[in-house]
Amino acid sequence: MQITADHVIRFLQLVAERVKEQRDYLTKLDAAIGDADHGVNLDRGFSTVMSKLPTATDRSISGLLKLTGMTLISTVGGASGPLYGTAFLRAGTAIGDRATIGAEELIAALSAALDGIQTRGKATRGEKTMIDAIAPAIDTLKEQYAASGDLLVAMRAAVAACEQGMIATEPMLATKGRASYLGERSIGHRDPGAASAYLMAQALLETIERAAQG
Amino acid sequence: MKKLINAPENVVKEALAGMAIAHADLIQVHFDPDYIVRVGAPHNKVGVISGGGSGHEPMHGGFVGYGMLDAACPGAVFTSPVPDQMLAATKAVNAGKGVLHVVKNYTGDVMNFEMAAELAAAEGIEVASVITNDDVAVENSTWTAGRRGVGVTVLLEKIVGAAAEAGADLATCKAIAERVNANGRSMGMALTPCTVPQAGKPGFELAEDEMEVGIGIHGEPGRRREKLAPARDIAEMLAGPILEDLPFKSGDAVLAFVNGMGGTPLIELYVMYNELARILKDRNITIARSLVGSYITSLEMAGVSFTLLRLDDEMIKLWDAPVHTPALRWGM
């Protein structure tokens, strides 16, 4: 199975749709432990990505991912702008000038994206951030792909791990980001960044399912 | 939600447009990327810029002008600005003597300013940064994103702005800024929450007889909720942790800053100032300078924050130096 630039466009469209649909849910999560703007900010960012896609000159996979990254950095603000922006930029750089990518390149690109988030955010696992959803997903993706050689099987397991990771942020004490100021009161709330990361993982799975169908 | 707005998504741009017209003698507003810049920029000195989410007015845009900031970058309400804004503002105020970025310690602000500083450096502009983190309500900074930047930011912008105006170089400006941050401490509380226009609902809820102690400036809840108390008790609750933290000692001279959170009448701020003055007098701490008013706000939140800054002679001189901005003006 090969992922093409058209698949990437479909992925970005799915993310934009889901973020718009879940805007109030993400904002509500953020109101509980942050500053009530996560859904609004991400929706602004991905809506701008959608408006730029039709006229993008570099329509390669890396070109599209870099355009997305730069747009998120320029429009989202907060912490999620630089974090997701850096993730898309790093993924684009990892893919380079390949016209299509297979499972191994996809896994490498996602790993590069996670590295970017960890470097920019100076965060690790267990601090109640998006990393707690993304890192176990990538671990599972690697393990399951190594075991089965089937990207779709591995991706389904990865999205399940992502969901588990997102849910696992609920009992965590936040030690990074604005939620950390609440101390003990951050416990019992789902991290909004983990929730938006899960939306993106679901969109990626749907894109791969589509690609697998040819 | 009852607000004097046309549409939630247009609040920031329309407010900037209004500011530009109201203070055309002092500032200009550039849109896309959005920044407020002092008229006549760049001036032949170190540039001083700041930025942060909107909703804290007059900070930071109201402090652009003679003797304070050269530019300010407003983000969406309670959302840090993006690197494009700081990069454009940095270029606009750079006179070849370098640019100081004044950044409040919030994860998003720090990351976005960091990216802008990297981009500016890549274009050959010398950038130094100072991060304010004066909020003592954040008790365990090892296990959090660190103390938030609050009231000290206002005092720092005035003091370092005066130093830059007087011709101090970038390293000196940074050192003065760091000294101000190191000697200042703050803590705030809220009587009511506030509503981000695009969220439409308050960030948290407070019963009629409750208050939130240790709030930040983004409508986020504080560290603990308590029953409402008389002003003198609230003043003790805020001043105590501030005094113990530095610590401020008998014989110190301070700048006492009593700040309204946006929805607090001045009459209540003076009640609180009276209490703070009593507390300081009891500890033999001299109020050498004072500032009372709503300068770093959280939309319509009712509440107050105290900031104490231990002063030295140079800081006093720089504080007293002339300033002319939309929100602070004296000596000219």
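Throughout what follows, the structure given in this document is the object of discussion. All values derive from a computational prediction rather than experimental measurement. (Residues numbered from 1 in each chain as written. Chains lettered and ligands numbered in written order. Predicted model: local features only at pLDDT ≥ 70, side-chain atom pairs only at ≥ 80, totals over all residues. Heavy atoms only, no water.)

1. Overview of the packing of helix α2 (residues 23-33) of chain A against helix α9 (residues 192-212) of chain A
Residues and elements named next belong to chain A.
Here is step 1 of the chain: The contact between α2 and α9 brings their axes to 9 Å, and the two run at 160°. Relative to α9, α2 is oriented roughly antiparallel. Helix-helix and strand crossings are classified by hand; for α2 and α9 the assignment is right-handed. Of the residues in α9, those touching α2 at Tyr25, Leu26, Leu29, Asp30 and Ile33 are Pro192, Ala195, Ser196 and Leu199.
Here is step 2 of the chain: Residues of the contact of α2 with α9, tallied by class, amount to seven nonpolar, one polar and one charged. (Axes fitted to C-alpha atoms, helices over the stretch in contact; angles between N-to-C directions. Helix = DSSP H or I, 4+ residues; strand = E, 2+ residues; numbered from the N terminus. Parallel < 35°, antiparallel > 145°, perpendicular 65-115°, else oblique. Left-handed = near helix turned anticlockwise from the far one by under 90°. Contact = heavy atoms within 4.5 Å. Nonpolar A, V, L, I, M, F, W, Y, C, P; charged D, E, K, R; others polar.)

2. Some details on the interface of chain B and chain A
Here is step 1 of the chain: Taken residue by residue, the interface counts 38 residues in chain B and 33 residues in chain A.
Here is step 2 of the chain: For the pair chain B and chain A, the summed buried surface comes to about 2600 Å²; carbon and sulfur atoms form 52% of the total.
Here is step 3 of the chain: A per-residue breakdown of the area chain B buries against chain A is headed by Met111, Met115 and Gln198 of chain B, which together make up 20% of the total.
Here is step 4 of the chain: On inspection of chain B and its partner chain A, the count reaches four salt bridges.
Here is step 5 of the chain: Linking Lys122 of chain A and Glu114 of chain B is a salt bridge whose minimum nitrogen-to-oxygen distance equals 3.4 Å.
Here is step 6 of the chain: Our count for the contact surface shared by chain B and chain A stands at ten residue pairs in polar contact (both at pLDDT 80 or more).
Here is step 7 of the chain: Elements supplying a minimum of two residues to the side of chain B that touches chain A: β4 (71-77), α2 (83-93), α3 (107-122) and β9 (224-227) of chain B.
Here is step 8 of the chain: It is α3 of chain B that contributes the most residues to the side of chain B that touches chain A, eight residues altogether. (Buried area = accessible area lost by both parts, 1.4 Å probe. Salt bridge = Lys/Arg side-chain N within 4 Å of Asp/Glu carboxyl O. Polar contact = N/O pair within 3.5 Å; in protein donor to acceptor, adjacent residues only side chain to side chain.)

3. Concerning the nonpolar core
Here is step 1 of the chain: Among the nonpolar cores identified, the biggest contains 64 residues, and Leu42, Phe46, Phe88 and Ile208 of chain A are the most heavily contacted of them.
Here is step 2 of the chain: Of the residues forming this core, the biggest block, eleven residues, is contributed by α9 of chain A.
Here is step 3 of the chain: Ignoring anything within four residues of it in the chain, the contact list for Ile208 of chain A reads Met1, Ile3, Leu106, Leu151, Leu152 and Met155 of chain A.
Here is step 4 of the chain: Counting 63 residues, the second largest nonpolar core, distinct from the first, contains Val46, Val48, Val154 and Ala177 of chain B. (Core = buried A, V, L, I, M, F, W, Y, C linked by side-chain atoms within 4.5 Å. Buried < 20%, exposed > 50% of the residue type's maximum accessible area, 1.4 Å probe, protein only.)

4. Things to note about the side chain of Arg148 of chain B
Here is step 1 of the chain: Relative to the assigned elements, Arg148 of chain B resides in the loop between β6 (127-132) and α4 (152-165).
Here is step 2 of the chain: Within polar-contact distance, the side chain of Arg148 of chain B engages the backbone oxygen of Gly214 of chain B at 3.0 Å.

5. Regarding the packing of aromatic side chains
Here is step 1 of the chain: One pass over the structure, following the stated rule, counts four aromatic pairs over all chains.
Here is step 2 of the chain: With 6.2 Å between their ring centres and 70° between their planes, Phe46 of chain A and Phe88 of chain A make a pair best called edge-to-face. Of the two residues, Phe46 of chain A sits in helix α3 (residues 38-52) while Phe88 of chain A sits in helix α5 (residues 80-95), which places them 42 residues apart along the sequence.
Here is step 3 of the chain: By relative accessible area, Phe46 of chain A is classed as buried at 1%.
Here is step 4 of the chain: Judged by centre distance (5.2 Å) and plane angle (50°), the ring pair of Trp319 of chain B and Trp330 of chain B falls under tilted. With Trp319 of chain B in helix α8 (residues 313-320) and Trp330 of chain B in strand β14 (residues 329-330), this pair connects stretches of sequence that are eleven residues apart.
Here is step 5 of the chain: Among the aromatic side chains, those forming a connected cluster through ring pairs are Phe63, Phe257 and Tyr295 of chain B. (Phe/Tyr/Trp six-rings, centres within 6.5 Å; stacked < 30°, edge-to-face > 60°.)

6. As for the sheet that holds strand β10 (residues 253-260) of chain B
Residue and element names in this part refer to chain B.
Here is step 1 of the chain: The six strands are arranged β9-β8-β7-β12-β10-β11 in an open sheet whose pairing can be described as mixed. Across the chains shown, the open sheet's two edge strands, defined by having one partner strand only, are β9 and β11 (286-293). When strand polarity is set aside, the average angle formed by the axes of neighbouring strands in this sheet is 20°.
Here is step 2 of the chain: Here β10 runs beside strand β12 (residues 303-310); their pairing, made up of seven bridges, is antiparallel. Paired with Val254 across the strands is Arg310, a residue of β12. (Pairing = 2+ DSSP bridges.)

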